[in-house]
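Examination of the molecular architecture
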Amino acid sequence: MGEHKDRMLRGELYRDNDPELVAERRRCQELLDKFNATGAGEDQQRHGILTDLLGAIGAGSWIMPRFQCDYGHLIRLGDNSFLNYDAIVMDCAPVTIGNDVSIGPRAQLLTALHPMADHELRRQRWETAAPITIGDNVWLGGGVIVCPGVTIGANTVVGAGSVVTRDLPEKVFAAGNPARVIKQL
């Protein structure tokens, strides 16, 4: 493993133009091109591509095209989970999605971070990444954005269009920008 990939996986500053990372993203994009070009009845072909692409895909889980991600192999999808149309998963850090999770259309799971206060590092294209963890039986409504480093507890529901900037406990309904707990479930 090269220096920048190792730094990325440790959550340290890294450069995404590292040749190893560029090659991994290109492989991912080639698989995504195939996945996103499948026809409506080609479920078995889609599953095969996802098996090659993702770090893990549980029994009974599926993703609807159009799907986009950076690397693929850093995504672990549990059993009986579902990502609806136009999901974007920026997996520069591990993204763990539990069992029985439903993710609405156009949801975004974003692990990448760019330096805020150090303008020169940002200009030079340095970045970091922080993992996302989504517990079992979570439902993310359409258009939900989950920011880097967030954990969402089991049995939680996040309302459509919400931006989740910090951890959410289990068994709550949260909504808004930034998402806040509205009630216990």
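Below, the structure is looked at part by part. (Residues numbered from 1 in each chain as written. Predicted model: local features only at pLDDT ≥ 70, side-chain atom pairs only at ≥ 80, totals over all residues. Heavy atoms only, no water.)

Enumeration over the complete set of coordinates arrives at six salt bridges. With a closest N to O distance of 2.0 Å, Arg10 and Asp6 form a salt bridge. The exposure class assigned to Arg10 is partly exposed, which follows from its relative accessible area of 46%. The exposure class assigned to Asp6 is partly exposed, which follows from its relative accessible area of 28%. A salt bridge links Arg10 to Glu12, with the nearest nitrogen and oxygen atoms 2.6 Å apart. Sharing partners across several salt bridges, the network here consists of Asp6, Arg10 and Glu12. (Salt bridge = Lys/Arg side-chain N within 4 Å of Asp/Glu carboxyl O. Buried < 20%, exposed > 50% of the residue type's maximum accessible area, 1.4 Å probe, protein only.)

Among the secondary structure elements, Ala174 is positioned in strand β19 (residues 172-176). Here the alpha-carbon distance between Ala174 and Val157, two residues 17 residues apart in the chain, equals 6.4 Å. In this structure Ala174 touches Val157, Val158, Gly159, Ser162, Leu168, Arg180, Val181 and Ile182, once residues within four positions along its chain are discounted. (Helix = DSSP H or I, 4+ residues; strand = E, 2+ residues; numbered from the N terminus. Contact = heavy atoms within 4.5 Å.)

As summarised here, the arrangement of the three strands in space is β1-β12-β11, forming an open sheet in which the pairing is antiparallel. Sheet topology places β1 (14-15) and β11 (112-113) at the edges, where each strand pairs with a single neighbour. Alignment of β11 against strand β12 (residues 126-129), held across two bridges, turns out to be antiparallel. Bridge pairing in β12 links Ala112 to Ala129. (Pairing = 2+ DSSP bridges.)

With that out of the way, let us pick up the packing of aromatic side chains. As enumerated under the stated definition, the model contains two aromatic pairs in all. Both rings, one in Phe35 and one in Phe67, keep their centres 6.4 Å apart while their planes meet at 80°; by these two values the pair is edge-to-face. Here Phe67 lies in strand β4 (residues 67-69) and Phe35 lies in helix α2 (residues 19-36), a separation of 32 residues in the sequence. One exposure class covers both Phe35 and Phe67, and it is buried. For the pair Trp62 and Phe82, a centre-to-centre distance of 4.7 Å together with 40° between the ring planes defines the contact as tilted. Within this pair, whereas Trp62 is found in strand β3 (residues 62-63), its partner Phe82 is found in strand β6 (residues 82-83), the two being separated by 20 residues in sequence. Overall, Trp62 belongs to the partly exposed group, its relative accessible area being 41%. For Phe82, a relative accessible area of 17% corresponds to the buried category. (Phe/Tyr/Trp six-rings, centres within 6.5 Å; stacked < 30°, edge-to-face > 60°.)

Across the junction of Pro65 and Arg66, the peptide omega takes the value 0°, indicating a cis bond. Across the junction of Asn177 and Pro178, the peptide omega takes the value -5°, indicating a cis bond. Mapped onto the elements, Pro178 comes out in the loop between β19 and β20 (179-184).

Considering the arrangement of structural elements, one finds Lys5 in helix α1 (residues 3-9). Of note is the side chain of Lys5, whose polar atom sits 2.6 Å from the side chain of Glu24. Residues contacting Lys5, with those up to four places away along its chain left out, are Glu20, Leu21, Glu24 and His73. (Polar contact = N/O pair within 3.5 Å; in protein donor to acceptor, adjacent residues only side chain to side chain.)

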